[in-house]
Amino acid sequence: MKKINYVVTAGLACALMLTPLDSIDAKSKTSKHDRNKNGIHDSWEKKYKLKGKKLAQQDTDHDGLSNYTEYKLKLNPRKKDSDRDKISDAHEDTDRDGLTNAIELELGTKPYKRDSDGDGILDGKERNKAGHRYEDMLKKMKIALATETTQSQIKYQFKKKKSQLRVKTNDATVDETRVRQLIQFIESHPKMTEEELRAQFVSLFALSGSYELEIELEYFDHEETKSEHRHVEEDEQDDDQGQDEDDDSDDDSDDEHEDEDED
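The notes below deal with the structure included here.

Rules used throughout
Chains are numbered independently. Their residues run from 1 in the order of the written sequence. For a predicted model such as this one, the threshold for reporting local features is a pLDDT of at least 70, and the threshold for listing and counting side-chain atom pairs is 80 or more; totals across whole chains, interfaces and linings nevertheless cover every residue. Water and hydrogen atoms were dropped before computing side-chain values, which therefore reflect all heavy atoms in the structure. Secondary structure elements are taken from DSSP: a helix is a run of H or I of four residues or more, a strand is a run of E of two residues or more, and numbering for both begins at the N terminus. In this description, contact between two residues means that some pair of their heavy atoms is separated by no more than 4.5 Å. Only the protein chains shown count as cover for residues, with accessible areas throughout obtained via the Shrake-Rupley method and a probe of 1.4 Å. Type-normalised accessible area, obtained with a 1.4 Å probe on protein chains alone, sets the label of each residue: buried when under 20%, exposed when over 50%, and partly exposed for intermediate values. To be clear, the arc concerns the directions from the helix axis to the C-beta atoms. When DSSP finds two or more bridges between a pair of strands, those strands are recorded as paired. For Phe, Tyr and Trp, rings pair up if their centres lie within 6.5 Å, where Trp contributes its six-membered ring, and each pair is then called stacked (planes under 30 degrees apart), edge-to-face (over 60) or tilted (otherwise). Counting as a charge over the ring demands two things of the Lys NZ or Arg CZ atom: a distance within 6 Å of the ring centre and an angle within 35 degrees of the ring normal.

A word on the overall build of the protein chain
And then number 1: Across its full length, the protein chain holds eight helices and five strands.
And then number 2: Secondary structure of the protein chain in N-to-C order comes out as α-α-α-α-α-β-β-β-α-α-β-β-α.
And then number 3: Across the protein chain, every contact between residues at least 6 apart in sequence was considered, and the portion connecting residues at least 24 apart equals 39%.
And then number 4: In the form shown here, the protein chain has an accessible surface area of approximately 18,200 Å², with 48% of it arising from carbon and sulfur atoms.

Following this line, the structure appears as C-alpha cells:
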C-alpha cells in the first residue's frame, strides 16, 4: 500500500512540475476575479451594475454591442456613445482597422483586434473566400422584377457570419444559383454604374420583352444604391402609338360629323 501511495504522489508531483506556472496563475486569477465565468471581470460588472446569468450576451444600452464586446473595447455598457462624439459605439472603429465595430461583429472578426486572424493583414484589408474585400461585400440586397408573365422577389442579407437568401418567383430562370452569381459580380465590381448592373442582370436572367426592375443594394462600407428601370419593347411602343393615332383619327371624324350636323 505504501508503494502505491508513493507512485501516486510522485505522479502528481511530476504533473505539477510540467504545468506552466503562468497557466496556473491565469486560471486562479480568472476564477478569482470572474466568478460567473463569463469572460468579464467582476469589478467591471460591479462598476456598471450589471447582473444576470447572461449579462455578457445582453446589450444593456441597446447600441448593437453586447456587454462582453463593450468590456473588451473598454466602453461604457450603459451609454450608446461612450466618448460623446455623436457617433454611436457600434459605428466607431475602435481598433482602427478600417471596419466599424458593428461591421466586424457581422463579419465575424474581432472589433478589439486589428488583425483578428494574425496573418499580418488588417481586418479592413482582408478578403472573403471569393477574394472580395470586406468593405465591398453586400450587407443587404432587394430586387423586384416584373415581366408580362412573371413576378420575382429576391432578398439577400449577410448577418452574423452567414448569408441568407430568399427567392420567390414563378420564373424558372430566376434561381438561387444565378442570384448568387449576381452577388459575386456586384461584390467584385463595387464601382460599377447602374447601366452596367442592369446589363449584367438582363444577361444573367435572359430578360426579353418588357419588364420593370427595382434594385436596392446596401454594402458594409459603401453608400446605399437604388435603381429603378422600366423597359418597354419597341413593338409595344408602336402598338401604343398606333392606338393613340387611331384614337386621334376617331376624334377628328367625330368633330367632322358634328360640323356637318351643324350645317
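Looking at the side chain of Asn 76
And then number 1: On the secondary structure map, Asn 76 appears in the loop between helix H4 (67-72) and helix H5 (101-107).
And then number 2: When its relative accessible area of 16% is taken as the criterion, Asn 76 is described as buried.
And then number 3: With residues up to four places along the chain from it excluded, the contact list for Asn 76 reads Tyr 48, Asp 61, Glu 70, Ser 82 and Asp 89.

Quick look at helix H7 (residues 194-204)
And then number 1: The complete set of buried residues in H7 reads Leu 197, Arg 198, Phe 201 and Leu 204. The buried residues of H7 all sit within an arc of 135 degrees when viewed along its axis, so they share a single face. Of the exposed residues in H7, the ones pointing more than 90 degrees away from its buried face are Glu 195 and Ser 203.
And then number 2: Tucked into the core, H7 has its buried residues touching strand S1 (138-147), helix H6 (176-188), strand S4 (211-219) and strand S5 (225-231).
And then number 3: Backbone geometry just downstream of H7 places Ala 206 in the positive-phi region, at approximately 50 degrees.

Comments concerning the pairing of S5
And then number 1: With seven bridges connecting them, S4 and S5 associate as antiparallel partners. Residue pairing across strands places Leu 217 opposite Thr 225, the latter belonging to S5.
And then number 2: Hairpin remark: S4 followed by S5, antiparallel, with five residues in the connecting loop.

Some thoughts on the packing of aromatic side chains
And then number 1: Within the structure shown, the criterion is met by four aromatic pairs.
And then number 2: Taking 5.2 Å as the distance between ring centres and 65 degrees as the angle between the ring planes, the aromatic pair formed by Trp 44 and Tyr 71 counts as edge-to-face. Separated by 27 residues along the polypeptide, Trp 44 in helix H3 (residues 42-47) and Tyr 71 in helix H4 bring together distant segments of the chain.
And then number 3: What makes Trp 44 buried here is its relative accessible area of 11%.
And then number 4: We classify Tyr 71 as partly exposed; its relative accessible area is 23%.
And then number 5: Residues Phe 201 and Phe 205 carry aromatic rings whose centres are separated by 4.5 Å and whose planes lie at 45 degrees to one another, so their mutual orientation is tilted. For the pair Phe 201 and Phe 205, one class covers both residues: buried.
And then number 6: What links up through ring pairs into an aromatic cluster is the set Trp 44, Tyr 48 and Tyr 71.
And then number 7: Its end group placed over the ring of Tyr 112, Lys 72 keeps NZ or CZ at 5.1 Å from the ring centre.

Comments concerning the pairing of strand S3 (residues 162-169)
And then number 1: Bridge count between strand S2 (residues 151-159) and S3: eight bridges; the pairing is antiparallel. Residue pairing for S3: Gln 157 is matched across the bridge by Gln 164.
And then number 2: If you look at the hairpin formed by S2 and S3, you'll find two residues sitting between the two strands, and Lys 160 has a positive phi there, around 50 degrees.

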